[in-house]
Amino acid sequence: RIWTEKMIQLLSSSPALSAAFVADLAKRCHTVYENWIRAYSVECSEEASSHAALRIFSCAIASTMSQPSEQLLLSNWTQSWASQVANRERLLKKREHIGAMPTRLETARQLEDVANIGGTATGVGIILSFITELVELSPRMNLKNVNICFFIRELASLQSRVEVNLLRDAMNAAQLIMRLFCLAMREKTPHDHLKQFFPGSSLPMETARMMSKPETTTSNLLHMQHSGMSGNEYQSEKDQLLLEAIGCLFGLPWVKQEPLTFETGSVQRGRVTVALTPVAVQALTSVFEESKPSESNGMSKNDVQFYMSRFHHRFNMQKIDSIFERYGVQQPDGNQLLYLDGFLEFYRSAAQNSELEVREQFHVLGYRPNLTRLSDEARFYSDESGEKHHNYPVEAIAIEVARYRTALPHLESTEMMFSLSFAHHIIHSCPNPVAYTLLVAFAFGRDTRRIVDETLKLYQENRQQWDNEWSQMCTTVFMVLAAIPDEWQKDRINMLLTSDHNTALGLLRAGQTCANTRENHHYAEKILELMKTLKKFRSVSNWMAENRVFQEWMEPQQRRMHPLQSRNDHSGRRDDHHNMHVNVQGHSDSEGVNDSDIDSDDDDSAFDESLVKEMTVEGAGLREINGTYLRFGQNDGVSKFMRTSRYNGRSVDFMMFRCKLTDGTRRWYISIVPENARPGTTQDIDFYAVAHSPQQPSVDPNIPPRDGWIAIPSNGGGGPAPQVYPKESNLVGDNEMGYL
């Protein structure tokens with residue numbers, strides 16, 4: 001690693017040295033036994049050595065590209081490639097017989113004359129042509145094309161704006177995006193002419209397996225060991241690297257996934273130890289600084305629980321205690337604080353155990369795959385009062401891509417890439433941030449009516465399944481299409497929700513149709529769950545506010561007429577602690593069944609809860625809790641109430657809600673509920689709780705009781721407990737409500 005960095009530093013500082021090195025690399029592309037690019041991108045099975053060499057090659061090429069003479073030669077090479085491709089496409093339109101797209105220049109061959117590199121020939125262009133040849137041959141090399149994708153990704157994600165644009169334009173002119181697209185899709189490549197243009201990269205998988213030779217010792221003299229990776233692991237890594245390479249070629253270099261850790265070379269208890277990369281340390285330091293209270297140098301247990309709630313983690317206080325036992329520091333007052341060193345050590349261990357989970361947390365926190373931050377414009381929006389709120393992660397990515405839309409290449413060939421089959425490949429090959437970014441980029445500014453229609457049809461065909469891969473894929477496509485802020489957005493949302501095609505009804509139209517028929521009520525419930533997610537998108541929420549059609553079936557009173565059977569135990573509340581004891585570990589006694597919003601036919605009370613629009617909380621030891629709570633939807637079939645306030649230096653939403661436990665009893669809570677999560681799970685931070693007592697039959701169970709609340713001190717709910725009463729009690733009379 002150190003040697004690689006020194007080589008990169010040396011080549012970066014000397015364009016003349018890099019030019020000589022690149023010229024030598026280019027000449028070797030026409031040899032067999034001394035071809036370094038082939039050796040390290042095809043024959044080397046030791047990943048660390050291969051990646052180190054290819055990074056050095058990329059750096060040398062970038063440094064060479066800083067020279068005006070090489071820039072001019074590569075520009076001429078790019079124009080010659082574009083002319084060559086245009087001639088092939090003209091023949092295709094005339095329906096004339098054409099062969100495969102060439103992998104080298106057939107005209108202007110002087111630009112690839114290895115005997116005159118730096119004069120009439122471009123060393124960089126020769127290397128790029130050789131890469132296109134390797135891509136076409138790569139399916140026959142079985143597992144080894146993973147390093148070719150790595151090399152392309154490195155070249156397309158270089159930092160210097162001028163050099164990377166010239167390189168990316170050159171690679172796109174040589175049709176590398178479409179070659180990689182065919183390599184991803186193989187026999188599923190959607191257009192016959194692409195299979196005709198790129199027969200090597202679109203070679204069917206079974207044919208490639210039959211043609212590939214057994215792994216043999218490399219032809220060069222370097223001793224190379226097999227990495228021990230299984231075929232499935234290679235395939236998974238290749239798919240992700242391939243798609244990252246496509247994203248970088250498309251002008252989105254931040255889809256390149258930056259490593260979180262690196263191996264230190266030492267072993268503890270038979271396990272190789274890792275350390276966080278400098279980029280990961282920088283990102284996590286920023287996260288720590290913005291997550292701790294401004295007046296403190298560390299995070300308390302409540303701070304950590306609040307922080308973890310952003311990721312919808314089921315972190316009860318036992319888990320928090322475990323974190324502080326390992327990484328916290330004891331304070332003189334007996335409390336513990338988590339300082340930056342402990343925070344970083346916690347994430348180092350977490351990344352080693354579950355890197356995918358840590359990356360998903362970075363995604364929620366507004367980080368790109370390369371660990372740079374999304375812009376504030378993408379991450380936040382302000383409401384009418386000026387208060388800042390987080391955009392939904394998919395929406396944030398769509399806004400960010402829109403900000404860079406002028407930098408996206410205008411390639412007609414990419415129009416065909418946004419197909420349902422390719423979307424399926426992307427979604428099941430990449431982490432969410434990479435998949436969202438690619439799908440938004442391919443669909444931005446394009447007519448997507450066909451893909452909307454196909455996705456609605458597929459979703460309808462899988463209406464019996466809640467969580468199979470096709471339903472999940474459709475959900476992702478719906479979210480992406482709804483989030484893209486282009487001129488087609490309103491039309492897309494309108495079609496997505498109200499399409500009247502018989503085999504592809506819009507979601508709201510289909511929900512209304514199915515809600516009225518008992519045999520299809522489960523599909524209406526499935527759509528209702530999906531709409532709860534889509535309504536979190538501001539674009540969808542605004543559309544629904546302006547267009548009230550096909551929404552009546554979603555109202556609670558309509559669902560009482562046509563009850564939808566909800567799945568039990570959405571929340572995952574545990575069933576241990578059924579008595580009124582409020583356990584100091586938070587939700588441990590309230591983790592029972594949480595009847596969802598759509599299960600509201602279990603309330604026989606004659607009390608008209610709609611008369612109560614506001615609830616008042618006063619007298620709580622935690623002063624931030626006190627104040628007016630506005631009615632905000634339903635939970636467990638009754639109103640829930642919310643109040644926005646400041647807590648630990650942040651703006652949070654306190655929620656007062658009722659939920660049902662596994663023993664059938666019901667309890668009210670005042671809690672912080674994670675953003676975009678349903679109330680009543682172990683994700684909540686509970687401060688006060690109360691149960692309806694059967695010894696007080698005059699108290700209506702459908703509204704929060706005035707008295708009897710108990711503080712949960714472990715989460716910060718200090719005494720005394722509050723009193724709660726309806727602000728609009730004068731409308732019906734206190735005695736009628738059971739309050740004396």
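Scroll up for the structure.
To keep things clear, this report deals only with the structure shown in the data block. Given the structure is predicted, the values throughout are model-derived calculations rather than measurements.

Reading guide: rules and limits
Residues numbered from 1 in each chain as written. Predicted model: local features only at pLDDT ≥ 70, side-chain atom pairs only at ≥ 80, totals over all residues. Heavy atoms only, no water. Pairing = 2+ DSSP bridges. Helix = DSSP H or I, 4+ residues; strand = E, 2+ residues; numbered from the N terminus. Buried < 20%, exposed > 50% of the residue type's maximum accessible area, 1.4 Å probe, protein only. Contact = heavy atoms within 4.5 Å.

Attention now goes to the sheet that holds strand 15 (residues 710-711). Strand order across the open sheet formed by eight strands is 15-14-13-12-11-10-9-16, with antiparallel pairing between neighbours. Here the strands that pair on one side only, and so sit at the sheet edges, are strand 15 and strand 16 (723-726). Two strands pair when backbone bridges link them, and strand 9 (residues 614-618) and strand 10 (residues 627-635) are joined in this way by four bridges, in the antiparallel orientation. Within strand 10, the position partnered with methionine 615 by the bridge is tyrosine 629.

The next point concerns the pairing of strand 12 (residues 650-660). The buried count for strand 12 comes to eight of 11 residues, which makes it a mostly enclosed element. Relative to strand 12, strand 11 (residues 638-647) is paired through seven bridges, and the arrangement is antiparallel. Considered in strand 12, the bridge of arginine 646 is made with serine 651. Pairing between strand 12 and strand 13 (residues 666-672): seven bridges, direction antiparallel. Across the sheet, residue methionine 655 finds its bridge partner in strand 13, namely serine 671.

At the junction of glycine 719 and proline 720, the peptide bond is cis and its omega measures out at 0° in the coordinates. Tracing the backbone shows proline 720 in the loop between strand 15 and strand 16. Non-glycine residue alanine 108 carries a positive phi angle of around 50°. Assignment of secondary structure puts alanine 108 in the loop between helix 5 (68-93) and helix 6 (123-137). Alanine 108 gets classed as partly exposed once you look at its relative accessible area, which sits at 24%. At arginine 186, a position not held by glycine, the phi torsion is positive, near 50°. Counting through the fold element by element, arginine 186 comes out in the loop between helix 9 (176-185) and helix 10 (192-197). Assessed through its relative accessible area of 3%, arginine 186 is described here as buried.

With respect to burial, helix 19 (residues 393-403) is a largely interior element, nine of its 11 residues being buried. All buried positions along helix 19 are accounted for by Val394, Glu395, Ala396, Ile397, Ala398, Ile399, Glu400, Val401 and Ala402. Buried positions along helix 19 lie against helix 17 (355-364), helix 18 (376-379), helix 21 (432-443), helix 23 (469-483) and helix 27 (538-546).

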